[in-house]
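# Fold and geometry: a report
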Amino acid sequence: MHSDEPGANPGTSTPATLVTGAMPVHIACVMDGNGRWAARRGLPRTDGHAAGEAALLDTVEGALELGVSWLTMYAFSTENWRRPPDEVRYLMGFNEGLLMRRRDELNDKGVRIRFAGRRDWRVPRRVLRRMDESVALTESNRRMTLTMAFNYGGRAEIVDAVRALVADGVPAGKVDDKAIRARFYQPEQPDPDLVVRTSGEYRISNFLLWQLAYSELVFTDVLWPDFRRQHLFDAVGEYQRRRRRYGGVS
Ligand code: IPE
Ligand code: IPE
Ligand code: MG
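Residues numbered from 1 in each chain as written. Chains lettered and ligands numbered in written order. Predicted model: local features only at pLDDT ≥ 70, side-chain atom pairs only at ≥ 80, totals over all residues. Heavy atoms only, no water.

What follows deals with the pairing of strand β6 (residues 216-219). The side-chain alternation of β6 yields one buried face, formed by E216 and V218, and one unburied face, formed by L217 and F219. Here strand β5 (residues 194-197) pairs with β6 via four bridges, running parallel. Across the sheet, R197 pairs through a bridge with F219, a residue of β6. (Buried < 20%, exposed > 50% of the residue type's maximum accessible area, 1.4 Å probe, protein only. Helix = DSSP H or I, 4+ residues; strand = E, 2+ residues; numbered from the N terminus. Pairing = 2+ DSSP bridges.)

As structure tokens, then:
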């Protein structure tokens, strides 16, 4: 990395300097900037996605070091189908390959793999099969739950929950936060304490709309393929300097 590149001068937070009692329980990441990372190197966008694999694995390692229980990674959004067919095809194959390459090592580390998103006809069957196999393989792990948000949209998740409420015949008077949450993709998952978005974009892009009502948001200019556990530690350092009030007074 050149010294003037974003992320070239990371902070100094380490698992030892962070406050153990104030660790986020759930961290969610928007892995963004793969295309720009590749463009800067004169490479095709898909090389940027490929380079994101190392960032993902190092982030998982970092989260494990911190003792984070839930890690959610935004891998493919319901809007990403708008991309050129070649890139979409690449991303489907890449995510399938990633599971094949990495599920055993994730399993060995005690990581439980889950998926959040729509299982619609656009997701190739083979990919769905790999997803199901990875979930089954790692189901009994409890050290950390890694949720891949794949064909995920926050609005779609809310729509799906509302459809389920209607299908279940829930009367209007019984519709509340709890009834809605119970119908999300991962009902037992706590809301993210910290959301990290890379690549210098200051938006949510349809990620976990309901769940991040009171999440702390950290934005970094680092492009996803350059992201490493040090950046995660720095984001947690920033999180620990925030004062969460949930609408109350501190
Ligand atoms: C994130 O990187 C990966 C996905 C959204 C699948 P991008 O592909 O969005 O990269 P940029 O934002 O164009 O640089
Ligand atoms: C968000 O990134 C989705 C994922 C990281 C999977 P995008 O690149 O799709 O978001 P926008 O288009 O910049 O909002
Ligand atoms: Mg992007």
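As a further point, take the site of ligand 2. As a structural note, the neighbourhood of ligand 2 is formed by V30, M31, D32, Y74, A75, F76, S77, N80, R83, R197, R203 and S205. One of the side-chain N or O atoms of D32 is found 3.2 Å from an oxygen atom in ligand 2. The side chain of S205 places a nitrogen or oxygen atom 2.6 Å from an oxygen atom of ligand 2. For ligand 2, the accessible surface in isolation is 390 Å², of which the surrounding protein chains cover 78%. Under a 2 Å grid-point criterion requiring more than half of the atoms, the pocket assigned to ligand 2 is the largest pocket. Sort the elements by how many residues they give to the shell around ligand 2 and strand β2 (residues 70-77) lands first, with four residues. For the shell around ligand 2, a count of residues per class yields five nonpolar, three polar and four charged. (Near = heavy atom within 4 Å. Polar contact = N/O pair within 3.5 Å; in protein donor to acceptor, adjacent residues only side chain to side chain. Areas by Shrake-Rupley, 256 points an atom, 1.4 Å probe, with all protein chains shown as cover. 1 Å grid on protein atoms, 1.4 Å probe; cavity = no way out; pocket = protein on both sides within 12 Å on 5 of 7 lines; lining within 4 Å. Sits in = over half its atoms within 2 Å of the grid points. Nonpolar A, V, L, I, M, F, W, Y, C, P; charged D, E, K, R; others polar.)

Further remarks concern the site of ligand 1. Neighbouring residues of ligand 1: 13 residues in total, closest D32, G35, R36, R45 and R83. A distance of 3.4 Å separates an oxygen atom of ligand 1 from a polar backbone atom of G33. Here an oxygen atom of ligand 1 sits 2.7 Å away from a polar atom, N or O, in the side chain of R36. When ligand 1 is considered free in solution it has 380 Å² of accessible area, and contact with the protein chains removes 87% of it. Among the elements of the structure, α1 (34-40), α2 (45-66) and α3 (85-108) are those that each provide at least two residues to the shell around ligand 1.

Before going further, it helps to examine the pairing of strand β1 (residues 26-30). Remember that side chains alternate between the two faces of the sheet whenever the strand is regular. Taking burial as the measure, the five residues of β1 include five buried ones, the bulk of the element. In β1, alternate side chains face the same way, and those of H26, A28 and V30 on one face and I27 and C29 on the other are all buried. For β1 and β2, the ladder comprises five bridges, and the chain directions are parallel. If you follow I27 over to β2, its bridge partner there is L71. Sheet topology places β1 next to β5; four bridges connect them, and they run parallel. Bridging across to β5, C29 finds its partner in V196.

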